[in-house]
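Chain by chain, the residues:
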Amino acid sequence: GAVVSQHPSRVICKSGTSVKIECRSLDFQATTMFWYRQFPKQSLMLMATSNEGSKATYEQGVEKDKFLINHASLTLSTLTVTSAHPEDSSFYICSATKPGQGNEQYFGPGTRLTVT
Amino acid sequence: DAKTTQPTSMDCAEGRAANLPCNHSTISGNEYVYWYRQIHSQGPQYIIHGLKNNETNEMASLIITEDRKSSTLILPHATLRDTAVYYCIVSVYGQNFVFGPGTRLSVLP
């Protein structure tokens, strides 16, 4: 199998505070992890690509100083939303690439962030 | 922009085969075709992927045309739990997925 977990599943925070979301590959070592954001009734949008031990690559329009990504090991990546604002409220989803033919991505269950 | 186009929505009767088409006319030789589905408020679920040969697993079959410009995902016996948004994605070795709006499949009793 290929299981990816996220924690927490939902979080509510106040404007100006920071929130950390964890993404773990439970039964495989992930060469690469990805972070996506999904607004209501929209599709997933890639925010950044993260490789263990190196700096994340951010997509155009995503502020790297606001969305801090740390990929400390082959099974753990974290996304920290700094100085959160209500417009950061969204569904954040991570994925991990399982090495092999095709390198398919396996997705976590997502984290619902609400900033008040 | 997504490199694939899919119908916005489809209906399928429970117990019948669901055939979901996807056009990827600009696919490159080293790009795979991946299929995922997303049930409301959950992360996408991997279904199947292929390069040029047809593929089958316990969930579905993937039929890729000989010119690789289109593909069809087949759910052989659709159930109510297969109601979801289905995404077709082309990518080199699982990198840089670009999600389009997908196809909203409704399985009807």
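Shown above is the structure to which this text applies.
Residues numbered from 1 in each chain as written. Chains lettered and ligands numbered in written order. Predicted model: local features only at pLDDT ≥ 70, side-chain atom pairs only at ≥ 80, totals over all residues. Heavy atoms only, no water.

A. Region of the structure containing the environment of Pro76 of chain B. Residues and elements named next belong to chain B. Looking at the secondary structure, you find Pro76 in the loop between β7 (70-75) and β8 (84-91). Residue Pro76 is classed as partly exposed on the basis of its relative accessible area, which comes to 42%. Considering only alpha carbons, one finds Pro76 and Met59, 17 residues apart in sequence, at a separation of 8.5 Å. Sequence-distant contacts of Pro76, that is, excluding residues within four places in its chain, are made with Gly15, Arg16, Ala17, Met59 and Ala60. (Helix = DSSP H or I, 4+ residues; strand = E, 2+ residues; numbered from the N terminus. Buried < 20%, exposed > 50% of the residue type's maximum accessible area, 1.4 Å probe, protein only. Contact = heavy atoms within 4.5 Å.)

B. Fine view of the interface of chain B and chain A. On the side of chain A, 22 residues touch chain B, which itself brings 19 residues to the contact. Between chain B and chain A, the buried area comes to about 1,500 Å², and carbon and sulfur atoms account for 52% of it. On the chain B side of the contact with chain A, Pro44, Phe97 and Phe99 of chain B bury the most area, a combined 26% of that side's loss. For the pair chain B and chain A, the interface holds zero salt bridges. (Buried area = accessible area lost by both parts, 1.4 Å probe. Salt bridge = Lys/Arg side-chain N within 4 Å of Asp/Glu carboxyl O.)

C. Quick look at the sheet that holds β7 of chain B. Residue and element names in this part refer to chain B. As summarised here, the arrangement of the four strands in space is β2-β7-β6-β5, forming an open sheet in which the pairing is antiparallel. Each end of this open sheet is capped by a strand with a single partner; those strands are β2 (18-23) and β5 (55-56). As paired strands, strand β6 (residues 61-64) and β7 are joined by four bridges and run antiparallel to one another. Its bridge partner being in β7, Ile63 is matched across the sheet by Thr72. (Pairing = 2+ DSSP bridges.)

D. Representation of the nonpolar core. Counting 42 residues, the largest nonpolar core has Tyr36, Phe107 and Leu113 of chain A together with Phe97 and Phe99 of chain B as its most contacted members. Counting residues per element, this core draws most heavily on strand β9 (residues 90-97) of chain A, which supplies five residues. Apart from residues lying up to four places away in sequence, Leu113 of chain A is in contact with Val11, Cys13, Val19, Val81, Asp88, Ser89, Ser90 and Tyr92 of chain A. Of all hydrophobic cores here, the second largest spans 21 residues; its members include Ala18, Ile48, Val90 and Val107 of chain B. (Core = buried A, V, L, I, M, F, W, Y, C linked by side-chain atoms within 4.5 Å.)

E. Region of interest: the packing of aromatic side chains. Tallied over the full model, the rule gives 14 aromatic pairs over all chains. Here the aromatic residues Phe28, Tyr36, Tyr106 and Phe107 of chain A together with Tyr32, Tyr34, Tyr36, Tyr46, Tyr87, Tyr93, Phe97 and Phe99 of chain B are joined through ring pairs into a cluster of three or more. (Phe/Tyr/Trp six-rings, centres within 6.5 Å; stacked < 30°, edge-to-face > 60°.)

F. Seen up close, the side chain of Arg68 of chain B. Residues and elements named next belong to chain B. Of note, Arg68 is situated in the loop between β6 and β7. For the buried Arg68, no salt bridge exists, and the shortest N-O distance to an oppositely charged side chain is 6.6 Å, to Glu31. A polar contact is formed between the side chain of Arg68 and the backbone oxygen of Ser28, at a distance of 2.9 Å. From its side chain, Arg68 meets the backbone oxygen of Glu31 in a polar contact 2.4 Å long. When near neighbours in sequence (up to four residues on either side) are disregarded, Arg68 contacts His24, Ile27, Ser28, Gly29, Glu31, Tyr32, Leu51 and Lys52. (Lys, Arg positive; Asp, Glu negative; His and termini not counted. Polar contact = N/O pair within 3.5 Å; in protein donor to acceptor, adjacent residues only side chain to side chain.)

G. Highlighting the pairing of β7 of chain B. All names here are of chain B. Looking at chain direction, β2 and β7 are connected through six bridges and run antiparallel. Counterpart to Leu20 in the pairing with β7 is Leu73. Linkage of β6 to β7, two consecutive antiparallel strands, is achieved through a turn of five residues, within which Arg68 is found at a positive phi near 65 degrees.

H. Fine view of the state of the cysteines. In this structure the tally under the stated criterion is two disulfides over all chains. Linked covalently through their sulfurs, Cys23 of chain A and Cys94 of chain A form a disulfide whose S-S length is 2.0 Å. Across the disulfide from Cys23 of chain A to Cys94 of chain A, rotation about the S-S bond amounts to roughly 80 degrees, and the bridge is consequently right-handed. Linking Cys23 of chain A in strand β3 (residues 19-25) with Cys94 of chain A in strand β9, this pair joins segments that are 71 residues apart in sequence. For the pair shown, Cys23 of chain A and Cys94 of chain A are each scored as buried. Each sulfur in the disulfide pair Cys22 of chain B and Cys88 of chain B lies 2.1 Å from the other. Measuring handedness by torsion sign, the sulfur bridge of Cys22 of chain B and Cys88 of chain B sits at about -80 degrees and is left-handed. Taken together, the residues span a long stretch of sequence, with Cys22 of chain B in strand β2 and Cys88 of chain B in strand β8 at a distance of 66 residues. Across the pair, exposure class does not vary: Cys22 of chain B and Cys88 of chain B are buried alike. Not part of a disulfide, Cys13 of chain A finds its nearest cysteine sulfur in Cys94 of chain A, a span of 18 Å. (Disulfide = S-S within 2.5 Å.)

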